[in-house]
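Below, each chain spelled out in residue letters.
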Amino acid sequence: MALIEELDKQGNFLFRWRSYVPGFILLLCLYALKDYQFLNGSYEDNLYYAAACFLVSLIGLAVRCFVIGYAPARTSGRNTKEQVADLVNMEGIYSLVRHPLYLGNFLLYLGPVLYFRNLPLTLVFVLFFGFYYERIMFTEEKFLREKFGKEYLDWADRIPAFFPKWKGYVKPKLSFSFRNILKREYPSLFGVTVIFVLFDFLASFLNGFASWTAPWEAITEPQIWIFGIGAVFYILVRIIVKTTRLLHVEGR
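Residues numbered from 1 in each chain as written. Predicted model: local features only at pLDDT ≥ 70, side-chain atom pairs only at ≥ 80, totals over all residues. Heavy atoms only, no water.

In the nomenclature of an unreviewed UniProt entry, the chain is known as Lipid A Kdo2 1-phosphate O-methyltransferase of Leptospira fletcheri. Check the Subcellular location (unreviewed entry) section of the UniProt entry for the chain; it says "Endomembrane system". (UniProt positions renumbered as here; feature names shortened; annotations may be inferred.)

See below:
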């Protein structure tokens, strides 16, 4: 099999399983927890640092939301079975970078990795992400090239694949849809919130805030409130998405 077909085959396989990437990264992070120490030996300092890491993830989520807020139907989706595209999206953030959702994913996942202040872990994550998503991007671009031909190639010649350019922004014709964001991105917000709450709890436990006989003593009031609010938000939005059309937007 020629290399181009092999890369395409790998990309299609990884595309179908890309929803499980966060799980692999989470396992790496949990392994790194065994040697985790609070920043400067202080829970307060560590909490400020955790907030900075959480902000990195929120920036990644914001990039995803910016994409989804303007995305037409059958583009920028969460589909896993096959490639889907009714058009080449060249407006909005797609006028600056070809794969903004994967850029958003990188920042979203980078936040929890940075929490550990572990250079080998960070390098493993970057290499894993690069290997995994490079093949997915290859497969997606091959699909778009075969479907849209010169229209896609002309756009791809102007727009970088992953690192955005900072000029030439094209305002989208579609209006921004907050409902579309809620409908499609609520799992991401809840997921990253749970991860940071989990890390804070486990780090507190491992740094002597509780004993093996009473691990719940490591749970702080902010952790309870953050997790509780996130859980209520997730459940309510999921019920709305699954049982109503309140978040449905025509053409999205």
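What follows is about the overall build of the chain. Helix and strand counts for the chain stand at eight helices and zero strands. Seen in sequence order, the chain has helices and strands lined up from the N terminus as α-α-α-α-α-α-α-α. Its C-alpha atoms give the chain principal-axis dimensions of about 65 × 45 × 35 Å. Counting over 252 residues, the chain shows a buried share of 42%. Nonlocal contacts in the chain, meaning residues at least 24 apart in sequence, comprise 83% of its contacts between residues at least 6 apart. Carbon and sulfur atoms provide 67% of the accessible area of the chain, an area that totals close to 14,300 Å². Positive and negative side-chain charges of the chain, numbering 27 and 21 respectively, have mean locations separated by a distance of 7 Å. (Helix = DSSP H or I, 4+ residues; strand = E, 2+ residues; numbered from the N terminus. Buried < 20%, exposed > 50% of the residue type's maximum accessible area, 1.4 Å probe, protein only. Contact = heavy atoms within 4.5 Å. Areas by Shrake-Rupley, 256 points an atom, 1.4 Å probe, with all protein chains shown as cover. Lys, Arg positive; Asp, Glu negative; His and termini not counted. Charge placed at Lys NZ, Arg CZ, Asp CG, Glu CD.)

A separate point is the packing of helix α1 (residues 3-16) against helix α5 (residues 119-148). Running from N to C, α1 and α5 point in directions that differ by 105°, and their axes come no closer than 8 Å. Overall, the two elements α1 and α5 adopt an arrangement that is roughly perpendicular. Between α1 and α5, the residues in contact are Ile4, Leu7, Asp8, Gln10, Gly11, Asn12, Leu14 and Phe15 and Tyr132, Arg135, Ile136, Phe138, Thr139, Glu140 and Lys142, respectively. Here the contact of α1 with α5 is composed, by residue class, of seven nonpolar, four polar and four charged. (Axes fitted to C-alpha atoms, helices over the stretch in contact; angles between N-to-C directions. Parallel < 35°, antiparallel > 145°, perpendicular 65-115°, else oblique. Nonpolar A, V, L, I, M, F, W, Y, C, P; charged D, E, K, R; others polar.)

Our next topic: a nonpolar patch on the surface. Among the surface-exposed residues, Leu55, Leu58, Ile59 and Leu189 lie close enough to one another that they form a single nonpolar patch of about 310 Å² accessible area. It is helix α3 (residues 43-70) that provides the largest number of residues to the nonpolar patch, a total of three residues. Relative to the helices and strands, isoleucine 59 resides in helix α3. A residue is classified by how much of its surface remains accessible, and isoleucine 59, at 44% relative accessible area, is partly exposed. (Patch = residues over 30% accessible without salt bridge, like charges linked within 9 Å, V, L, I, M, F, W, Y side chains within 5 Å. Salt bridge = Lys/Arg side-chain N within 4 Å of Asp/Glu carboxyl O.)

Take the packing of aromatic side chains next. By the definition in use, this model includes 27 aromatic pairs. Ring plane angle 70° and centroid distance 5.4 Å describe the contact between phenylalanine 66 and tyrosine 70, whose orientation is recorded as edge-to-face. Of the two residues, phenylalanine 66 and tyrosine 70 are both situated in helix α3; the distance of four residues between them amounts to about one turn of the helix. For phenylalanine 66, a relative accessible area of 30% puts it in the partly exposed group. A relative accessible area of 22% means that tyrosine 70 is categorised as partly exposed. Sitting over the ring of tyrosine 31, lysine 34 keeps its end group 4.9 Å from the ring centre. (Phe/Tyr/Trp six-rings, centres within 6.5 Å; stacked < 30°, edge-to-face > 60°. Lys NZ or Arg CZ within 6 Å of the ring centre and 35° of its normal.)

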